[in-house]
Amino acid sequence: MKRRNLLMAAMVAAAIPSLVLAHGPTRQKVTVTAELGAEPADVWAVIGNFQDFSWHPAAYATTGENGNEIDATRVLTLGEEDGPTISEVLYKYSAEKMSYSYRITEVAVEVLPVTNYSSHLTVLPRDGGGSIVEWRGAFYRGYPNNDPPEELNDEAAIAAVTAVYQAGLDALVEKFGAPGS
C-alpha cells in the first residue's frame, strides 16, 4: 500500500508542471488618461452620450438604441461607410459621476484583437482646474488558446486597445486643449 501511495504521489507531482503550463490566457488591463483644460461638465457634454461616439477619430458613424439606459446598444462603424463594425452594450451609466461602462458584444479579431472586453470611461475634476479623462478596459487576447499567433497575442491586444484609447484622448486634448494652454 505504501508503494502504491508513493507511486500515486510521484505521478501527481510529475503532472503539476504540465498543468501550470496548460493554463490559457490571462485577463489584460489597460488604463489611459488625459488632462484637459476644459471643466468636467463641458467634457462630459461631448463624451457622455453612449449613442454618440463622433468625438473619436476612428468612428465614421454610430447607431444605437435606448440612449443611455442600461442595456442600450450601439454599433460603431469604423473608418468609412462600409467599414468594419463593433457592437457594444451599456451596462453601467452615471451622469452624476460622469462615468459609463460598456462591453463589446461583437467584433472581428482582425479589427480589434480582443475577446471578453469591457471598458469604463470617466471624467474627473483636475486639481487646479480642468479635467482628467480616464479610459480603462479589461479583456483577453484575440486567440483564446495557448501559443497564439503574433497578431492575436497579449501584446497585440494591449497595443491595439491602448492605441484606440490614446487616439480618442488625443482628439479630446486637441478639442479642449491641455491645462494651462
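Above: the structure in question.
Residues numbered from 1 in each chain as written. Predicted model: local features only at pLDDT ≥ 70, side-chain atom pairs only at ≥ 80, totals over all residues. Heavy atoms only, no water.

## So, the nonpolar core
Move 1: Counting residues in each nonpolar core, the largest one holds 36 residues, and the members touching the most others are Ile47, Tyr117, Val133, Trp135 and Val161.
Move 2: For this core, the secondary-structure elements that each account for two or more residues are strand 1 (28-36), helix 2 (40-47), strand 3 (73-78), strand 4 (85-94), strand 5 (99-106), strand 6 (114-125), strand 7 (131-141) and helix 3 (154-176).
Move 3: For this core, the leading source of residues is helix 3, giving 6 residues.
Move 4: Not counting the four nearest positions on each side in its chain, Ile47 is found in contact with Trp55, Tyr100, Leu121, Val123, Val133 and Leu172. (Core = buried A, V, L, I, M, F, W, Y, C linked by side-chain atoms within 4.5 Å. Buried < 20%, exposed > 50% of the residue type's maximum accessible area, 1.4 Å probe, protein only. Helix = DSSP H or I, 4+ residues; strand = E, 2+ residues; numbered from the N terminus. Contact = heavy atoms within 4.5 Å.)

## Details of unusual backbone geometry
Move 1: With a phi close to 75°, Asn66 is a non-glycine residue in the positive phi region.
Move 2: Along the chain, Asn66 turns up in the loop between strand 2 (59-65) and strand 3.
Move 3: Since its relative accessible area comes to 51%, Asn66 is described here as exposed.
Move 4: One non-glycine residue, Met98, lies in positive phi territory at about 50°.
Move 5: Among the secondary structure elements, Met98 is positioned in the loop between strand 4 and strand 5.
Move 6: Taking relative accessible area as the criterion, Met98 reaches 16% and is therefore assigned buried.

## Remarks on the sheet that holds strand 3
Move 1: Read from one edge to the other, the open sheet built from 7 strands follows the order 1-7-6-5-4-3-2, with strand pairing classed as antiparallel. Here the strands that pair on one side only, and so sit at the sheet edges, are strand 1 and strand 2. Neighbour to neighbour, the strand axes of the sheet diverge by 20° on average, direction disregarded.
Move 2: Each of strand 1, strand 4, strand 5, strand 6 and strand 7 touches helix 2; the most contacted strand, strand 6, lies at about 145° to it.
Move 3: Each of strand 1, strand 6 and strand 7 is contacted by helix 3, which is oriented at about 15° to strand 1, the strand it contacts most. (Pairing = 2+ DSSP bridges. Axes fitted to C-alpha atoms, helices over the stretch in contact; angles between N-to-C directions.)

## Quick notes on the environment of Phe50
Move 1: Topologically, Phe50 is positioned in the loop between helix 2 and strand 2.
Move 2: According to the relative accessible area criterion, Phe50 is buried, its value standing at 0%.
Move 3: Residues Phe50 and Gly64 lie 14 residues apart in sequence; the distance between their C-alpha atoms is 8.7 Å.
Move 4: Setting aside chain neighbours within four positions, we find Phe50 in contact with Gly67, Asn68, Ala72, Thr73, Arg74, Glu88, Val89, Leu90, Tyr100 and Tyr102.

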